[in-house]
Amino acid sequence: MAARVESPAATRGERIVQASFLAGATTIEQFPPPMLLEVAFAGRSNVGKSSLMNALMQRKGLVRTSGTPGCTRQISWFHAKSDDGAEVCLTDLPGYGYAKRSKGERKGWARVIEGYLLGRPTLRAVVLLTDARRGFEEDDRDLVELVQSQADTSRPAVEVVLVGTKVDKLSRSARKPALATLDQSELPRALGTRVIGFSAVEDIGRRELWKTLRGALGLTVPSAEPTPAGPAPAP
Ligand SMILES: Nc1nc2c(ncn2[C@@H]2O[C@H](COP(=O)(O)OP(=O)(O)OP(=O)(O)O)[C@@H](O)[C@H]2O)c(=O)[nH]1
Ligand SMILES: [Mg+2]
């Protein structure tokens, strides 16, 4: 097998050549039919889910963001295609922990989000975001528990990818220690995974996250050049 070549320059599979809004839903009945493999983005309100999705798709303003918590009020599906032809669906989930929503609304939402996370046959990964300065809390652990509780064995296990957002808000010298502390917290340890530091403002973590997601989707991880021809097969 050819060795994978790492390069600091943009490599094949990293550039998003097409990105568009597909559908939005506030009820399970409105979910679009599953077509492509999906990655969902979850976390508390205002943590930066929609901003991260824009950064990941290399588009400004495709996903609506806001400084006011509770901005995203529906599940939204986006289609993204990279320069190697790989296509995925990215799903923006409404943030949880937004106190201003009524109890009834929160309950209704929990049902729809649960329906999505447990019932979506094409879902392969959930990116769980927390503010790198804050860390994971009970709501986040509940979400992971929910994702892992699926009884549907016809669907491969959904991978949980942890992200610490807004690292630009930390001083440069504080970033590494903050992420190391996050890595040592309960959730990453329980999952046996590291937290990817991310900033939509300073373009930090995009490449690492995209690579991780491609791996979770079973797509080839970007390499610098098309695979060179191997040795000729034995006659
Ligand atoms: N400094 C900084 N601000 C960010 C970053 N990402 C998001 N923000 C800001 O944080 C606020 C919330 O961002 P959103 O992307 O709308 O957050 P969200 O998690 O989608 O919020 P809800 O839809 O309410 O759940 C906005 O004011 C963004 O500009 C980041 O990496 N760095
Ligand atoms: Mg949002």
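Our subject is the structure that appears above.
Residues numbered from 1 in each chain as written. Chains lettered and ligands numbered in written order. Predicted model: local features only at pLDDT ≥ 70, side-chain atom pairs only at ≥ 80, totals over all residues. Heavy atoms only, no water.

Draft legend 1. Up close: the overall build of the chain. Along its length, the chain carries six helices and seven strands. Each of the 235 residues in the chain was classed as buried or not, and the buried ones make up 45%. Counting every atom, the chain has about 12,400 Å² of accessible surface; 53% of that belongs to carbon and sulfur. (Helix = DSSP H or I, 4+ residues; strand = E, 2+ residues; numbered from the N terminus. Buried < 20%, exposed > 50% of the residue type's maximum accessible area, 1.4 Å probe, protein only. Areas by Shrake-Rupley, 256 points an atom, 1.4 Å probe, with all protein chains shown as cover.)

Draft legend 2. Layout of unusual backbone geometry. Backbone geometry places Q58, a non-glycine residue, at a positive phi of 55 degrees. Relative to the elements of secondary structure, Q58 occurs in the loop between α1 (49-56) and β3 (75-82). Residue class for Q58 comes out partly exposed when judged on its relative accessible area of 34%. The residue K166 is not glycine, and still its phi comes out positive at about 55 degrees. Its place among the elements puts K166 in the loop between β6 (159-165) and α4 (172-183).

Draft legend 3. Summary view of the environment of E137. Mapped onto the secondary structure, E137 falls in the loop between β5 (123-131) and α3 (138-148). Sequence separation between E137 and E186 is 49 residues; the distance between their C-alpha atoms is 9.4 Å.

Draft legend 4. Representation of the environment of R111 within the structure. Structurally, R111 is set in helix α2 (residues 103-119). The spatial distance from the C-alpha of R111 to the C-alpha of I28 is 8.7 Å, given a sequence separation of 83 residues.

Draft legend 5. Representation of α3 in the model. When we look at burial in α3, the residues that qualify are D140, L143, V144 and V147. Projected down its long axis, α3 shows its buried positions confined to an angular sector of 95 degrees, all on one face. When the buried face of α3 is taken as reference, the exposed residues oriented beyond 90 degrees from it are E138 and E145. (Arc of directions from axis to C-beta.)

Draft legend 6. Local environment of the pairing of β3. Across the eight residues of β3, seven count as buried, placing the element largely inside the fold. Direction of pairing for strand β1 (residues 16-25) relative to β3: antiparallel, over a ladder of eight bridges. In the strand pairing of β3, A19 is matched with A80. With six bridges connecting them, β3 and strand β4 (residues 87-92) associate as antiparallel partners. Opposite F78, over in β4, you have L90 as the bridge partner. A loop of four residues connects β3 with β4, the two strands running antiparallel in sequence, and G85 in this loop sits at a positive phi of about 90 degrees. (Pairing = 2+ DSSP bridges.)

Draft legend 7. Inspection of α4 at higher detail. An ideal rise of 1.5 Å per residue puts 16 Å on twelve residues; α4 measures up with 18 Å between its terminal C-alpha atoms. Residues of α4 that are buried include every one of R175, A178, L179, L182 and D183, and no others. Along the axis of α4, the buried residues cluster in a sector spanning 135 degrees; they form a single face. Of the residues in α4, the exposed ones pointing more than 90 degrees away from the buried face are S173, K176 and T181. In this structure, the buried residues of α4 make contact with β6, α5 (186-191) and β7 (195-197). (Expected span 1.5 Å × (residues − 1). Contact = heavy atoms within 4.5 Å.)

Draft legend 8. Representation of the sheet that holds β1. Pairing is mixed in the open sheet, where seven strands are placed in the order β1-β3-β4-β2-β5-β6-β7. Bordering the open sheet on either side are β1 and β7, each of which pairs with just one other strand. Pairwise comparison of adjacent strand axes, ignoring direction, gives a mean angle of 25 degrees for this sheet. Where strand β2 (residues 38-43) lies against β5, six bridges are found, and the strand directions are parallel. Across the sheet, E38 pairs through a bridge with L123, a residue of β5. (Axes fitted to C-alpha atoms, helices over the stretch in contact; angles between N-to-C directions.)

Draft legend 9. How the structure looks around the nonpolar core. Ranked by internal contacts, the top residues of the largest apolar core, which has 33 residues, are Y116, L117, V126 and L128. For this core, the secondary-structure elements that each account for two or more residues are β1, β2, β3, α2, β5, α3, β6 and α4. Element by element, the count of residues in this core is highest for α2, at five residues. Excluding its chain neighbours within four sequence positions, the residues that come into contact with V126 are A40, A42, L117, L143, V147, V158, E159, V160 and V161. Within the second largest apolar cluster, 27 residues are counted, among which are A55, M57, V161 and F198. (Core = buried A, V, L, I, M, F, W, Y, C linked by side-chain atoms within 4.5 Å.)

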